[in-house]
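Structure assessment
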Amino acid sequence: MDGYFGYGGLLSFLPSGSWLLIAAGVVALGFFGAPFALWTVAFVAALWFQAAPVWLLGAGTAVLVLLNIPAVRNILLSTPIAHLMERLKLMPVISETERVALEAGTTWVDAELFSGKPNYDRIRKEAYSKLGAEEQKFIDNQVKTLCSLATDWEIFKHKDLPSKVWDYLKKERFFGMIVPKAYGGLGFSAAGHSEVIAHLATHSSPLAITVMVPNSLGPAELLAHYGTDKQKDYYLPRLARGEEIPCFALTEPNAGSDAGSLTSNAVIFKGEDGKLYLRLNWDKRYITLAAVATLVGLAVRLYDPENLLGRGKDLGITCVLVPANTKGVVLGQRHNPMGVPFYNCPTSGKDVVVSLDQIIGGAEGAGRGWQMLMECLAAGRALSLPSQAAGMAKFMTRVASAYAVVRRQFGISIGQFEGIEEPLARIAGTTYLMEASRVFTVGAIDAGVKPAVVSAIAKYSQTELSRKVVNDAMDVLGGAGISRGPRNQIANAYIGLPISITVEGANILTRTMIIFGQGAIRCHPYAYKEVKALMDKDYAAFDKAFWSHIGHVVRNACRSLVLSLSRGRLAAAPSGPAARYYRKLSWASASFAIMADIAMGSLGGSLKLKEKLTGRYADVLSWMYLATAVLRRYEAEGYKAEHRPAFEWAIQYAFAQMQLAFDGIFSNFTVPGIGWIFRGPIAFWARVNSLGSMPSDKLGHELAKAIQQPGVFRDDMTRGIISDLLPAGDNLIEHAFTLAHAAADVLGKISKAVKAGQLPKRRANLLVKEALAAKVITESEAAMLESANTAREEAVKVDSFNLEEFQPTLLDSIGEKAKLTGLVAKVGT
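Residues numbered from 1 in each chain as written. Predicted model: local features only at pLDDT ≥ 70, side-chain atom pairs only at ≥ 80, totals over all residues. Heavy atoms only, no water.

Below, the discussion takes up the overall build of the protein. Broken down by element type, the protein carries 36 helices and nine strands. Relative to the compact-globule value of 28 Å for 829 residues, the protein shows a C-alpha radius of gyration of 31 Å, a close match. Residue pairs at least 24 apart in sequence account for 76% of intrachain contacts in the protein once pairs closer than 6 positions are excluded. Working note: accessible area of the protein is about 37200 Å², and carbon and sulfur atoms make up 59% of it. Counting 87 positive and 75 negative side-chain charges, the protein places the averaged centre of each group 3 Å from the other. (Helix = DSSP H or I, 4+ residues; strand = E, 2+ residues; numbered from the N terminus. Rg over C-alpha atoms; globule rule 2.2 N^0.38 Å. Contact = heavy atoms within 4.5 Å. Areas by Shrake-Rupley, 256 points an atom, 1.4 Å probe, with all protein chains shown as cover. Lys, Arg positive; Asp, Glu negative; His and termini not counted. Charge placed at Lys NZ, Arg CZ, Asp CG, Glu CD.)

Written as structure tokens, this is what we have:
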């Protein structure tokens, strides 16, 4: 028996050592992604040259040739496999709302990273956005003027934008940045839109939010893409001029992240005049600008009980425009989101009647609301909040680096302490990374891409990273960071951080369900094709997708093995100073791709419920994208020598985060039968042979030192903040920073004289008069030191208030008492 069926007989024709050659050949074919026909030729050739038995050669050749014929393969293998997968429910069930979300937008660099073999030639040709002359002029003039009309402290203190700010916003068409010029808007590119928001975020979050909401998901964008000509002609010019203040109401008390479960509704009925109308009822909350809106956009479920449109009784989610003065509309209340004074409000409507023509897109738009929303979010989610976060990070970098120089303890600037260097390096490196992501992503949008998964990555990553940057800045400023008042430039940003984390898709949901949940289907080259083929019972399409998928798995398994053993050195990469990081990214991509397929293949439809696991997969994909953005920025900006520390820190940090996520995947891969392999030997190998570790203390020191020096590097890292547009004296910390560096050499003279015994042993900045008397410094140098000392003392002051200013106003007291009385009455009832 052994001679016929055991290895000793069946494969006895193989000489010693052939196993190694065969294995090497298999790995080589897989690594380069050889087509199935080439595998067939190689297999037959191997059997021939190894003098295999004629029956084995003939049988093997016949089987492989038949498998190369799709029609035969489909009948013999693919269709039975499809039926088995359907019975075992190995493929996820895609609901209609999920299908619309998956098909909204396009794939982009995310698909390259998911492929396991990124095409760097394509990635390096992607647009790296730049502002147009008209947009730059708007920032230099209108944006600067806008920010001069009110300080952030004034806005917080009065809990609203001053009327002159509202008037200027309307006059200069800030609410019409995305409205095409043909309708009277500014018609800005995504880059221009992003830059305006980033600039405003460095001055005041409430101001930035007020501007960005009408220019994100809402009436203007929906009308521009889906409105009828009549709707566009009427509403878009009014929105551009600020004659209409829009809001868009989606979220409900019981429909937040699960927006598809909304209960607000509209019912079609025929009026006495024979025309069709909508009767709307809604209860919405967290709606920005609702209390001051004149035009309310609504997402409602549309019903046609009499089938007046001839398309059934339940038409699905629909977007409707309702003038705020329509009878039954309830507005005028505000929420209080962390005390940040922008209008975030509830709104409701009771039996509100509007014409059927108020459906966005007219009757043709009935039931298309979910599709509209998903398609707009596919690009829009990448703009507003990520831009606000990047602008905020640049401002924190500017303030924290200046304060670290100006603030002195124990006779030296606190930025010279390693304990301060560490957060300063994180701030600078993270800011470099965030700006790289912002510019790279908006470049894609301007090129016509609607990158749904990348948009989710950008929103999640940028807002989470901004939270880290602001926290570090607060630590650097210490007491000056927590003492609120007009001098404090960062506390209000810190207070408002949870808002950006929560809105436009809460970050927990975005990470655990959207990035990998959609990415696994949408970005994978074959997964959605397989799912769709099974849903459509199209077994010929399934055959093509399934066997391509098998080849994809084999290729990435071989690439992952080879690149892991070689630490990425055998991957193809563009030449240049970043070549080794491109190779490591190929290694990470191959490992991610094969692990994604293993998870999908072993867990099937239940994978969507393994949110801790999918969250870690999302982390790997997100950090691969961020690393790609960093590489693109470094090259697009000409591999600047002064940028090298920031680039190195950012790219090394990205790979360290990828490794951390991979470690979490391996340690928690609990699939029966194979889980132990990942938790044991593979997890051990991954720790020994990691993608990367955190940036070294030496690199952190270099980066922290560089960001504390005036000049090109610091200016490049913080370009695009409002303080750049203001006179130096208006920014106390920056003014003191400039004078501190100007006085550094003079202080050095005094310190040298102290060591030489010419001056008493005291801190150099306190020995100005003595140094002048001893002729260690000149009168002009003494005057410079006095100016620097005065500026420093002024810059490190914090605000204080008299006790009366802390007393609540009579109106506040009455309001709070009334609310409390009402709440007690409700509870008692």
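Let us keep going from here.
Let us look at helix α25 (residues 539–565). Along an α-helix, residues three or four positions apart point the same way, because every turn accommodates 3.6 residues. Across its 27 residues, α25 extends 39 Å between first and last C-alpha, which sits within 8% of the 39 Å expected from 1.5 Å per residue. Two residues or fewer past α25, Arg567 is found with a positive phi of approximately 55 degrees. (Expected span 1.5 Å × (residues − 1).)

Take the pattern of salt bridges next. Per the counting criterion, the structure on display carries 32 salt bridges. Between Glu126 and Arg122 there is a salt bridge, with the nearest N and O atoms lying 3.5 Å from each other. Owing to a relative accessible area of 34%, Arg122 belongs among the partly exposed residues under this scheme. The residue Glu134 makes a salt bridge to Lys181 at a minimum N-O spacing of 2.8 Å. You can see Glu134 sitting in helix α10 (residues 133–148) and its partner Lys181 sitting in the loop between α12 (163–171) and α13 (190–201), a full 47 residues away along the chain. Each of Glu195, Lys394, Glu435 and Arg438 takes part in salt bridges that share partners, so that together they form one network. (Salt bridge = Lys/Arg side-chain N within 4 Å of Asp/Glu carboxyl O. Buried < 20%, exposed > 50% of the residue type's maximum accessible area, 1.4 Å probe, protein only.)

Core analysis: the biggest nonpolar cluster contains 135 residues, and Tyr617 and Met658 have the highest contact counts within it. In terms of residue count, the dominant contributor to this core is helix α27 (residues 611–636) (14 residues). In this structure Met658 touches Leu585, Ala588, Val620, Trp623, Met624, Ala627 and Leu691, once residues within four positions along its chain are discounted. Membership of the second largest hydrophobic core comes to 61 residues, among which are Phe156, Phe175, Tyr343 and Val352. (Core = buried A, V, L, I, M, F, W, Y, C linked by side-chain atoms within 4.5 Å.)

Pairing between strand β2 (residues 265–270) and strand β3 (residues 276–288): six bridges, direction antiparallel. The residue of β3 that forms the bridge with Phe269 is Tyr277. Linking β2 back to β3 in an antiparallel pair, the connection comprises five residues, with Gly274 at a positive phi of about 85 degrees. In this structure, β2 lies alongside strand β4 (residues 295–303), joined through three bridges in parallel fashion. Note that in β4 the partner of Asn265 across the bridge is Arg301. (Pairing = 2+ DSSP bridges.)

Taken together, Leu561, Leu565, Phe684, Trp685 and Val688 make up a surface patch of nonpolar side chains, about 530 Å² in accessible area. Within the residue set of the nonpolar patch, elements represented by two or more residues are α25 and α29 (675–688). The biggest single contributor to the nonpolar patch is α29, with three residues. For Trp685, the position within the fold is in helix α29. Here Trp685 falls in the partly exposed class, since its relative accessible area comes to 38%. (Patch = residues over 30% accessible without salt bridge, like charges linked within 9 Å, V, L, I, M, F, W, Y side chains within 5 Å.)

So, about the environment of Tyr581. Considering the arrangement of structural elements, one finds Tyr581 in helix α26 (residues 579–603). Among the residues examined, Tyr581 registers a relative accessible area of 2% and is labelled buried. A C-alpha to C-alpha distance of 35 Å links Tyr581 and Pro672, two positions 91 residues apart in sequence. Leaving out residues up to four positions away in the same chain, Tyr581 has contacts with Leu631, Phe647, Glu648, Ile651, Gln652 and Phe655. Within polar-contact distance, the side chain of Tyr581 engages the side chain of Gln652 at 3.4 Å. (Polar contact = N/O pair within 3.5 Å; in protein donor to acceptor, adjacent residues only side chain to side chain.)

Structurally, Tyr582 can be placed in helix α26. With relative accessibility at 4%, the residue Tyr582 sits in the buried group. Residues Tyr582 and Lys130 lie 452 residues apart in sequence; the distance between their C-alpha atoms is 24 Å. With near-sequence residues (within four places) excluded, Tyr582 lies in contact with Tyr120, Arg124, Ala573, Pro574, Leu631 and Glu635.

Here the focus is the packing of aromatic side chains. Applying the stated criterion across every chain, the model contains 29 aromatic pairs. Seen from their ring centres, Tyr634 and Phe647 are 3.9 Å apart, and the 10 degrees between their planes marks the pair as stacked. Of this pair, Tyr634 sits in helix α27 while Phe647 sits in helix α28 (residues 644–667), and the two are 13 residues apart along the sequence. Overall, the relative accessible area of 6% leaves Tyr634 in the buried class. The exposure class assigned to Phe647 is buried, which follows from its relative accessible area of 0%. (Phe/Tyr/Trp six-rings, centres within 6.5 Å; stacked < 30°, edge-to-face > 60°.)

To continue, consider the side chain of His524. Relative to the assigned elements, His524 resides in the loop between α23 (507–522) and α24 (527–535). Within polar-contact distance, the side chain of His524 engages the backbone nitrogen of Ala527 at 3.1 Å. Setting aside chain neighbours within four positions, we find His524 in contact with Phe114, Gly519, His549, His552, Asp597 and Met600.

Bringing unusual backbone geometry into the picture now. Despite not being glycine, Leu289 has its phi angle at roughly 75 degrees, a positive value. Locating Leu289 in the fold gives a position in the loop between β3 and β4.

A separate point is the packing of helix α7 (residues 96–103) against helix α17 (residues 369–380). Direction vectors running N to C along α7 and α17 enclose 35 degrees, while the axes themselves pass 8 Å from each other. For the crossing formed where α7 meets α17, the hand is right-handed. Each of Thr97, Val100 and Ala101 in α7 lies in contact with α17, whose residues at this interface are Trp370, Gln371 and Met374. Here the contact of α7 with α17 is built from residues that sort into four nonpolar, two polar and no charged. (Axes fitted to C-alpha atoms, helices over the stretch in contact; angles between N-to-C directions. Left-handed = near helix turned anticlockwise from the far one by under 90°. Nonpolar A, V, L, I, M, F, W, Y, C, P; charged D, E, K, R; others polar.)

What follows deals with the pairing of strand β1 (residues 246–249). Because side chains alternate across β1, one face comprises the buried residues Pro246 and Phe248, and the other comprises Cys247 and Ala249, equally buried. As paired elements, β1 and β4 share four bridges and run parallel to each other. Opposite Ala249, over in β4, you have Leu298 as the bridge partner.

Chain-level pLDDT for the protein is 89 on average; 93% of the residues reach the 70-or-more range. Contacts of residues 1–11 to residues separated by more than four positions or lying in other chains number 10 contacts, the stretch itself having pLDDT below 50. Confidence drops under pLDDT 50 across residues 725–729; counting only partners more than four residues distant or on other chains, this segment forms six contacts. (pLDDT = per-residue confidence, 0-100.)

Attention now moves to the state of the cysteines. Per the stated rule, a full pass over the model turns up zero disulfides. Free of any disulfide, Cys247 has its nearest neighbouring cysteine sulfur in Cys345, separated by 7.9 Å. Overall, the relative accessible area of 1% leaves Cys247 in the buried class. Cys319 supplies the cysteine sulfur nearest to Cys376, a cysteine that is in no disulfide, at a spacing of 8.3 Å. (Disulfide = S-S within 2.5 Å.)

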